[in-house]
Amino acid sequence: MRFLIFIVFVLMLAAGVFNATSVSIELQIFHVNGFQYGLLESVAGVGAIVGSFAGPYLIKRIHPGKFIIFSGIILGLWMALILFIHSSYLSFGLIPLFVWISGIGLLNSCLSIPVSSLFLVVTPATFRGRAVGIMQMFSYLGGIIGLLVGGALSVSIGVIQVTVIAGVLMAVVSLGLICTKGYKDLLHVRESRSKTID
């Protein structure tokens, strides 16, 4: 349970940084207009919808514990790709940015499925109500800290650099979690409820 809460905190920390920098990246770095900004948000939503369908399918074939860790690594590296997307702007226009945003939406959505599934399994029914509250508290706390830190650092080192640093750190932390006892314990959890998700 504590390991899952830590994972949620780390994910929301990175999500907070992304929320703090993504709008500035789109409006100030890529100079999108109102219509293009609306399209980008729509593409992120489409990616999230695809991730919601793909997540249950994937956790039937991949252990949720492994899915969480490797999705965190992929999401972190995907965030860091904004550095190359920015450098390719003159050659390819906004197309790479649309792909990047849709990938962020898809990966974020995919990650929530195994977290929720494992939460139901590892949390006793009598404690589940309080556990949900604790998890939400750390989720909001991670998001708020990410917003504040991401916003503050973007002023001094730039929104692109902050997004890259946050992505790399998220990938490194996710990779490091493989060596922890909490991850090994998660691998022993046989996720039975996820098999019933359609």
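Parameters at a glance
- Residues numbered from 1 in each chain as written.
- Predicted model: local features only at pLDDT ≥ 70, side-chain atom pairs only at ≥ 80, totals over all residues.
- Heavy atoms only, no water.
- Patch = residues over 30% accessible without salt bridge, like charges linked within 9 Å, V, L, I, M, F, W, Y side chains within 5 Å.
- Areas by Shrake-Rupley, 256 points an atom, 1.4 Å probe, with all protein chains shown as cover.
- Salt bridge = Lys/Arg side-chain N within 4 Å of Asp/Glu carboxyl O.
- Helix = DSSP H or I, 4+ residues; strand = E, 2+ residues; numbered from the N terminus.
- Phe/Tyr/Trp six-rings, centres within 6.5 Å; stacked < 30°, edge-to-face > 60°.
- Buried < 20%, exposed > 50% of the residue type's maximum accessible area, 1.4 Å probe, protein only.
- Lys NZ or Arg CZ within 6 Å of the ring centre and 35° of its normal.
- pLDDT = per-residue confidence, 0-100.
- Contact = heavy atoms within 4.5 Å.

Undergrad: Can you help me understand a nonpolar patch on the surface in this one?
TA: Taken together, the side chains of Leu141, Ile145, Val149, Leu153, Ile157, Ile165 and Leu169 present a nonpolar region at the surface, about 540 Å² in accessible area. The set of elements that each furnish at least two residues to the nonpolar patch consists of helix 7 (128-157) and helix 8 (159-177). Tracing the backbone through its elements, the reader meets Leu169 in helix 8.

Undergrad: Looking at this model, I keep getting lost on the packing of aromatic side chains. Mind explaining?
TA: Geometrically, a pair of aromatic rings is defined through the distance of the ring centres and the angle of the planes. Overall, the coordinates contain 2 aromatic pairs when judged by the stated rule. Measuring from ring centre to ring centre gives 5.3 Å for Phe30 and Tyr89, while their planes differ by 90°; the resulting arrangement is edge-to-face. Within this pair, whereas Phe30 is found in the loop between helix 1 (2-29) and helix 2 (34-59), its partner Tyr89 is found in helix 5 (residues 89-92), the two being separated by 59 residues in sequence. The exposure class assigned to Phe30 is buried, which follows from its relative accessible area of 1%. When the ring centre of Tyr57 is taken as origin, the NZ or CZ atom of Arg61, which lies over that ring, is 4.0 Å away.

Undergrad: Before we go on, may I ask you to explain the confidence of the model for the chain in this structure?
TA: In regions of low pLDDT, the predicted coordinates are not meant to be interpreted in detail. Summary statistics for the chain give a mean pLDDT of 81 and a share of 89% for residues scoring 70 or more. Per-element confidence in the chain ranges from a low mean pLDDT of 75 for helix 9 (residues 181-187) to a high of 89 for helix 8. Confidence drops under pLDDT 50 across residues 191-198; counting only partners more than four residues distant or on other chains, this segment forms 16 contacts.

Undergrad: How do you make sense of the environment of Asp185 when you look at a structure like this?
TA: Within the secondary structure, Asp185 sits in helix 9. Between the alpha carbons of Asp185 and Phe3 there is a distance of 9.3 Å; along the sequence they are 182 residues apart.

Undergrad: It is not clear to me how the environment of Ile29 should be interpreted in this structure. Could you clarify?
TA: Considering the arrangement of structural elements, one finds Ile29 in helix 1. On a C-alpha basis, the gap between Ile29 and His86 in space is 8.1 Å, while along the polypeptide they are 57 residues apart. When near neighbours in sequence (up to four residues on either side) are disregarded, Ile29 contacts Ser24, His86, Val159 and Ile160.

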